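Observations on chain architecture
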Amino acid sequence: MTTLTLYYTPGTCAQAVRIALHEAGAEHQLVRVDFAAGQQRTPEYLAVNPKGRVPALATEHGTLTETPALLAYVAQLFPHARLAPTDPHGFARMQEFNSYLASTVHIAHAHRPRASRWADEPEAIAAMQRKVPQNMTDCFDLIETHYLVNAEEGPWVLGGQYTVADGYLFTIAGWLASDGVDIARFPKVAAHFERVAVRPAVQSALA
């Protein structure tokens, strides 16, 4: 039996992987990393993930990091759950969306709570933080108008098939309020958020 251990911190993108594991019905263990106590910088955790970030997923073949990689791994490890398209183009579309969330949207958000990664001067940090609401609005405008366009095909990111991309979007959309953005200005995103929130697996993952 595959042994999986997810290292996570509440409120982070690790939530998307927790959701995927529950959607897959995967047996797994959870290890909470206490960011407030600086646990991510301890030698013990750096031995798990030298990046000092979450999520990290320990598998029988080694530890994996980076949310899009973990989501793809869970989807492919548990194909019966149908959490990813099986055709190359569909899978690439899912990875395109997940990569956008990781490389652009997450970074736009991180300039508010983690601005010190990019600057030391208080004035520069404050300027980056002031820009976060606009940057997140721009990101979700694109998601609303470019990605969530498959309403005639189905209610999910890729249309008719629920995938790991949906739990990932749900996780990051949950950050909008703290970034000073009202999710209601994106009707498709808001409706998607509500649909994902009531899924039993999502409720279990958030419990």
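See the structure shown above.
Everything numeric here is computed off the predicted structure, so don't read it as measured data. (Residues numbered from 1 in each chain as written. Predicted model: local features only at pLDDT ≥ 70, side-chain atom pairs only at ≥ 80, totals over all residues. Heavy atoms only, no water.)

**Focus: the overall build of the protein**
As a reminder of what qualifies: The helix count covers DSSP runs of H or I at least four residues long, the strand count covers runs of E at least two residues long, and both are numbered beginning at the N terminus. For the radius of gyration, the atom set is restricted to C-alpha positions; the globular benchmark scales as 2.2 Å times the number of residues to the power 0.38.
Of the regular secondary structure elements, the protein holds eight helices and four strands. The linear arrangement of helices and strands in the protein, starting from the amino end, is β-α-β-α-β-β-α-α-α-α-α-α. Relative to its length of 207 residues, the protein is compact, with a C-alpha radius of gyration of 17 Å against a globular reference of 17 Å. Seen along its three principal axes, the alpha-carbon backbone of the protein occupies a region of about 50 × 45 × 30 Å.

**Some remarks on the side chain of Asn98**
How we decide: Burial classes follow relative accessibility: with a 1.4 Å probe on protein chains only, a residue under 20% of its type's maximum area counts as buried, one over 50% as exposed, and anything between as partly exposed. Between two residues, a contact is recorded if the distance between any of their heavy atoms is within 4.5 Å.
With respect to the helices and strands, the residue Asn98 is situated in helix H4 (residues 88-110). Classification of Asn98 by relative accessible area gives buried; the value is 0%. Once residues lying within four places of it in the same chain are set aside, the contact partners of Asn98 are Pro68, Leu71, Val164, Ala165 and Tyr168.

**Side note on the packing of helix H6 (residues 164-173) against helix H7 (residues 187-197)**
For any two helices packed against each other, the geometry is given by the interaxial angle and the distance between the axes. Heads up, the condition is: Structural elements are reduced to axes, namely lines fitted to C-alpha atoms, with helices fitted over the stretch in contact, and the angle between N-to-C directions of any two is expressed from 0 to 180 degrees. For classification purposes, angles smaller than 35 degrees are called roughly parallel, those larger than 145 roughly antiparallel, those between 65 and 115 roughly perpendicular, and all remaining angles oblique. Should the near helix be turned counterclockwise from the far one by less than a right angle, the crossing is left-handed, whereas a clockwise turn marks it as right-handed.
Between H6 and H7, the least distance of the axes is 9 Å, while the angle of their chain directions is 110 degrees. Judged on the interaxial angle alone, H7 and H6 are roughly perpendicular. The crossing of H6 and H7 is left-handed. For the pair H6 and H7, contact is made by Asp166, Leu169, Phe170 and Ala173 and by Val189, His192, Phe193, Val196 and Ala197, respectively.

**A few points about the packing of helix H3 (residues 67-77) against H4**
Rule in force here: Side-chain classes follow a simple rule in which Ala, Val, Leu, Ile, Met, Phe, Trp, Tyr, Cys and Pro form the nonpolar group, Asp, Glu, Lys and Arg form the charged group, and the remainder, Gly included, forms the polar group.
It is at 9 Å that the axes of H3 and H4 come closest, and there the two elements cross at 150 degrees. Classified by the angle their axes make, H3 and H4 are roughly antiparallel. Facing H3, whose interface residues are Pro68, Leu71, Ala72 and Gln76, H4 presents Phe91, Gln95, Asn98 and Ala102. Classifying every residue of the contact of H3 with H4 by side-chain character gives five nonpolar, three polar and no charged.

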